[in-house]
Number of protein chains: 2
Amino acid sequence: MKDHLGRQEAVTVKEAIKILQTQPIHTTKTETVPIEKAFKRVLAEDIFSPEELPGFARSSMDGFALFAEDTFGATESMPAYLRVVGNIKMGEKPKFKLRRGEAATVATGGMLPEGADAVLMLEYTNRVDAETIEVLKQVAPGENVIAPDEDIRKGERILQKGHRLRPQDIGALAGIGILQVMVYKKPVVAIISTGDEIIPPHEKPQPGQVRDINSYNLIGLIEDTGGIGIKKGIIKDNREELKSALLEAISTSDMVLITGGSSVGTGDYTEEVINELGEPGVLFHGVMMKPGKPLIGAFVGGVPVFGLPGHPVAVTICFEVFVKPLLRKVSGEEVLHYIPERKRVKAYFSRNLPSTLGREDYIRVRLREEEGRLVADPMLGKSALIKTLVHADGMVIIPKDSNGIYQGQEVEVVLFEY
Amino acid sequence: MKDHLGRQEAVTVKEAIKILQTQPIHTTKTETVPIEKAFKRVLAEDIFSPEELPGFARSSMDGFALFAEDTFGATESMPAYLRVVGNIKMGEKPKFKLRRGEAATVATGGMLPEGADAVLMLEYTNRVDAETIEVLKQVAPGENVIAPDEDIRKGERILQKGHRLRPQDIGALAGIGILQVMVYKKPVVAIISTGDEIIPPHEKPQPGQVRDINSYNLIGLIEDTGGIGIKKGIIKDNREELKSALLEAISTSDMVLITGGSSVGTGDYTEEVINELGEPGVLFHGVMMKPGKPLIGAFVGGVPVFGLPGHPVAVTICFEVFVKPLLRKVSGEEVLHYIPERKRVKAYFSRNLPSTLGREDYIRVRLREEEGRLVADPMLGKSALIKTLVHADGMVIIPKDSNGIYQGQEVEVVLFEY
């Protein structure tokens, strides 16, 4: 459907997300990395433990290894008495065997001697003499003991393909002696800036020119999502230049982001050029949201291509809403939908703000405290203004079926935290 | 105060945090980095803009530059007519001057010609012939125009010392031509693993031995907080070895984390050794929390030193609660207390779980969906078990004045998301 200016009719945010989700995704290739380099990488294999952990019966407390049965019925007023026959050295298999009526001192992490089936905490004992302790409490068999396979069983799947590795996962891999893992390569995302008015940041702008903000913003957004952003430079408003830059980018990257050139302006042939390069081409051009309306969503031969608006704020919003979830899929990540993409806080909105029905509004807000309450002040101003993003702590989303936010209304702020 | 086993009495979590906060902090030294490398770094200077942005009157829409007054009263039924005298090229100062009754086509981001004070969107015009447009709506002076200093004023402070740079901040720096910034150096955090039973991950454990999990977990936690973790290796349970390793670590690092050796076990002289190395030494030993009780908090000559428990789960919890906020301060970061450290979600707790009054309990939980509701299942098991962290999506904190959580109770889950 085209409108009277020859533009495709805009889709809703939900429709746009669905269109992107239904496209087949090519995940990146895999590589093997040492676990020291695997933090935040996405596993490309299931991990099964080659051995059990801890591998031996281990004390989880400082105290005495003993036979649980020898403590049955013991209380502070009716203590049991045990003979201390040894001291278990850390990191060694005890050289002695425990017999009934005997105990051995053991520190947290020490190995239980043969015979012992429980550990009594130091706190519940009294030393009578060098060889004898008073037991003030009974323990059950297995109490304060970690069984040889209690942490991880041999052959157990401890981590799943598609999981982004967290610090504790790297710790667990070290614990079972897995020193390298197969992960998905970091997706390479090409960034093409377009516009005759755009110059690199090291140049001095002449009247009518502005420096490239979007490529620098995108590099960070991509890095934060686990990708590698590659600046492909600034392309002038020229059909052939854009086409050849796009062709090169598609053939060397896992995703392509074009900024600018998605409005109905002079030299707006981004959509045509994308369609010429391959199937299925442009999937939508125009989304009912503000900012971000001129967004182009496309796939060319399996590579997602986004035509992002030129306004810096729109770039960030479109990245968060559309690019980021797709980039995580390209990275091989299995995303649990109930884990939010960003931190959120509740705050009270500081003024009335109308919104157009049928359109999602993304309002940048700054947070402050007032009388012990968190207050969100909208950063009003055009989406061309980078300052509305720089001064913002987060954003509030006004859904398409709402006509605005009232002063004092409680809102959820999606935080810009990295 | 010492208890009957000669241990210092435990402090509450709140007290421990306060004790740490009142110590004077040495932030790291500063360095200058190019903005491409500055993402997530902490600014060590205020940033004032050397120029205005965009620097010229700029259209924020595709349409016609014109005199607002020429459109006053124009409607669809009573259009105004203007003569199109030029087409503004992107990135150039228009070579013509606009006179009353005239308009010029302009694309988003184009520079307004002398005389023009507003832009009318393309949508509200009709082409009558090659030289004439119908104006269907009036615009106010300044409408759809970005004033030369509307985004950033010359001399305006756009970013503050102590701010951790986000993607949009890097974009703004590029926009005003600032190509390098002064930031705090990443804090170097020494990690000392202690225990005769600990071996490096590449070795095959003998009975009684376990591989070093904690150093690998900590490396990721430190990296996630913007620091650089340096594994100082595994120190045997030997007073002199620990002392010399600690001395070396304190003199070469911004913070020292010792794992193991904080319990009252064999070879537990960590506290004594820290106190021998300098003032103020150990500030607390023992916190009323589970896991994490044996934690040691110390400062030696301005360097924070933590004696973390040996259990992997306790390491993660103590890092989150005590180490992370301090590490951010050492990094020079000004932390806004109302910005949460981690993402959180609400969930329903799946079972009754008692908790001891007077102690904070940190319960690892796994999330799942059941009948459209998010449910948190506690991962029960000793804090020595790394699997309870690997299988967990986050944690629920039971405050010290609560005696537990009831089945079906709504809880806030602090997510382990990196």
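Above this text is the structure in question.
Engineer: How should the pairing of strand 24 (residues 360-370) of chain B be read in this particular structure?
Structural biologist: Two faces belong to every sheet, and in a regular strand the side chains alternate between them. Residue and element names in this part refer to chain B. Of the pairings in the sheet, the one linking strand 19 (residues 289-290) to strand 24 comprises two bridges and is parallel in character. By the bridge assignment, Met289 is partnered in strand 24 with Glu360. With antiparallel pairing between neighbouring strands as the criterion, strand 24 and strand 25 (residues 373-378) make up a hairpin whose turn holds two residues, including Glu371 at a positive phi of roughly 50°.

Engineer: Teacher, can you tell me more about the pattern of salt bridges here?
Structural biologist: One side chain can pair with another of opposite charge once the charged atoms of both are near each other. Taken as a whole, this structure holds 64 salt bridges over all chains when the rule is applied. Among the salt bridges present, the one from Lys382(B) reaches Glu150(A), with a minimum N-O distance of 2.8 Å. With Lys382(B) in the loop between strand 25 and helix 7 (387-390) and Glu150(A) in the loop between strand 10 (145-146) and strand 11 (157-159), this pair bridges two chains. Of the residues examined, Lys382(B) reaches a relative accessible area of 25% and is grouped as partly exposed. Owing to a relative accessible area of 22%, Glu150(A) belongs among the partly exposed residues under this scheme. Here Glu412(A) and Arg344(A) are joined by a salt bridge, their closest N and O atoms 3.0 Å apart. With Glu412(A) in strand 28 (residues 410-415) and Arg344(A) in strand 22 (residues 344-349), the pair connects residues that are 68 residues apart, well separated along the chain. Residue Glu412(A) is classed as partly exposed on the basis of its relative accessible area, which comes to 38%. In the salt-bridge network here, residues are joined through shared partners; they are Lys40(A), Arg164(B), Asp224(B), Glu320(B), Lys324(B), Arg328(B), Glu333(B), Glu341(B) and Arg342(B).

Engineer: Before we go on, may I ask you to explain the packing of aromatic side chains in this structure?
Structural biologist: How two aromatic rings sit relative to each other is set out by the distance from centre to centre and by the angle between their planes. Going through the model one piece at a time under the given rule, you end up with four aromatic pairs over all chains. Here the aromatic rings of Phe39(A) and Tyr418(B) are separated by 5.9 Å at their centres, their planes lie at 65°, and the arrangement is edge-to-face. Of this pair, Phe39(A) sits in the loop between strand 1 (30-34) and strand 2 (47-48) while Tyr418(B) is found in the segment after strand 28 (410-415), placing the two residues in two different chains. For the pair shown, Phe39(A) and Tyr418(B) are each scored as buried.

Engineer: Is there a simple way to explain the interface of chain A and chain B in this structure?
Structural biologist: Much of the literature gives interface size as the accessible area that the parts lose upon coming together. Tallying the contact residues gives 97 residues for chain A and 97 residues for chain B. Buried surface at the junction of chain A and chain B, summed over both partners, amounts to about 8,300 Å²; 60% is from carbon and sulfur atoms. Taken as a group, Gln168(A), Tyr338(A) and Tyr418(A) account for 7% of the area that chain A buries against chain B, more than any other trio of residues on that side. Seen at the junction of chain A and chain B, the total is twelve salt bridges. Remark: the boundary between chain A and chain B carries 32 residue pairs in polar contact (both at pLDDT 80 or more). Counting residues per element, the ones that place at least two in the side of chain A that touches chain B are strand 10, strand 11, helix 2 (167-175), strand 15 (210-211), helix 3 (214-224), strand 22, strand 24 (360-370) and helix 7 (387-390) of chain A. A total of eight residues in the side of chain A that touches chain B trace back to one element, the largest contributor, which is helix 2 of chain A. Across the side of chain A that touches chain B, the residue classes break down as 45 nonpolar, 19 polar and 33 charged.

Engineer: For this particular structure, what's the right way to read the sheet that holds strand 20 (residues 296-300) of chain A?
Structural biologist: The pairing of strands in a sheet happens through backbone hydrogen bonds and is either parallel or antiparallel. Residues and elements named next belong to chain A. A sheet is described by the order of its strands in space; here six strands give the open sequence 16-13-17-21-20-18, paired in mixed fashion. Taken across any chain shown, the strands that pair with only one partner, and hence form the sheet edges, are strand 16 (228-235) and strand 18 (280-285). Each neighbouring strand pair of the sheet contributes to a mean axis angle of 20°, computed without reference to strand direction. As defined by bridge partners, strand 13 (residues 188-194) adjoins strand 16 across six bridges and the pair is classed as parallel. From the neighbouring strand, Ser193 faces strand 16, where its bridge partner is Ile234. Sitting on the sheet, helix 6 (residues 312-330) touches strand 13, strand 17 (255-259), strand 20 and strand 21 (303-308), and the angle it makes with strand 21 is about 175°.

Engineer: Any chance you could explain the relation of the copies chain A and chain B here in plain terms?
Structural biologist: Once chain A is rotated about the relating axis by 180° and shifted along it by 0.0 Å, it coincides with chain B to within an RMSD of 0.0 Å. In symmetry terms, the pair is related by a two-fold rotation axis. Of the C-alpha atoms belonging to chain A, the one lying closest to the rotation axis is found on Lys343(A), 2.2 Å away. When the interface residues of chain A are mapped onto chain B, 100% of them are again interface residues, pointing to one common binding face.

Engineer: Would you take a moment to explain the packing of helix 4 (residues 239-252) of chain B against helix 5 (residues 270-277) of chain B for this structure?
Structural biologist: Think of two packed helices as two axes; the pair is described by the angle between the axes and how far apart they sit. All names here are of chain B. Direction vectors running N to C along helix 4 and helix 5 enclose 45°, while the axes themselves pass 10 Å from each other. With respect to helix 5, the element helix 4 is oriented oblique. The chirality of how helix 4 crosses helix 5 is right-handed. Touching Arg239, Leu242, Lys243, Leu246, Leu247 and Ile250 of helix 4 are Thr270, Glu272, Val273, Ile274, Glu276 and Leu277, all from helix 5. Across the contact of helix 4 with helix 5, the residue classes tally to seven nonpolar, one polar and four charged.

Engineer: Which parts of the structure should I look at to understand unusual backbone geometry?
Structural biologist: Most peptide bonds take the trans configuration, and most residues that are not glycine carry a negative phi. Residue Pro54(B) is bonded to the preceding Leu53(B) through a cis peptide linkage, with omega at 0°. With respect to the helices, strands and loops of the structure, Pro54(B) is situated in the loop between strand 2 (47-48) and strand 3 (58-59). That bond from Lys290(B) to Pro291(B) is cis: its omega, 0°, falls within 30 degrees of zero. Here Asn144(A), not a glycine, exhibits a phi torsion of approximately 60°, which is positive. Along the chain, Asn144(A) turns up in the loop between strand 9 (132-135) and strand 10. The phi dihedral of Lys40(B) is positive, around 70°, even though this residue is not glycine. Take Lys40(B): it is sitting in the loop between strand 1 (30-34) and strand 2.

Cut-offs used in this document
- Residues numbered from 1 in each chain as written.
- Chains lettered and ligands numbered in written order.
- Predicted model: local features only at pLDDT ≥ 70, side-chain atom pairs only at ≥ 80, totals over all residues.
- Heavy atoms only, no water.
- Pairing = 2+ DSSP bridges.
- Helix = DSSP H or I, 4+ residues; strand = E, 2+ residues; numbered from the N terminus.
- Salt bridge = Lys/Arg side-chain N within 4 Å of Asp/Glu carboxyl O.
- Buried < 20%, exposed > 50% of the residue type's maximum accessible area, 1.4 Å probe, protein only.
- Phe/Tyr/Trp six-rings, centres within 6.5 Å; stacked < 30°, edge-to-face > 60°.
- Contact = heavy atoms within 4.5 Å.
- Buried area = accessible area lost by both parts, 1.4 Å probe.
- Polar contact = N/O pair within 3.5 Å; in protein donor to acceptor, adjacent residues only side chain to side chain.
- Nonpolar A, V, L, I, M, F, W, Y, C, P; charged D, E, K, R; others polar.
- Axes fitted to C-alpha atoms, helices over the stretch in contact; angles between N-to-C directions.
- Least-squares fit on C-alpha atoms with pLDDT ≥ 70 in both.
- Parallel < 35°, antiparallel > 145°, perpendicular 65-115°, else oblique.
- Left-handed = near helix turned anticlockwise from the far one by under 90°.

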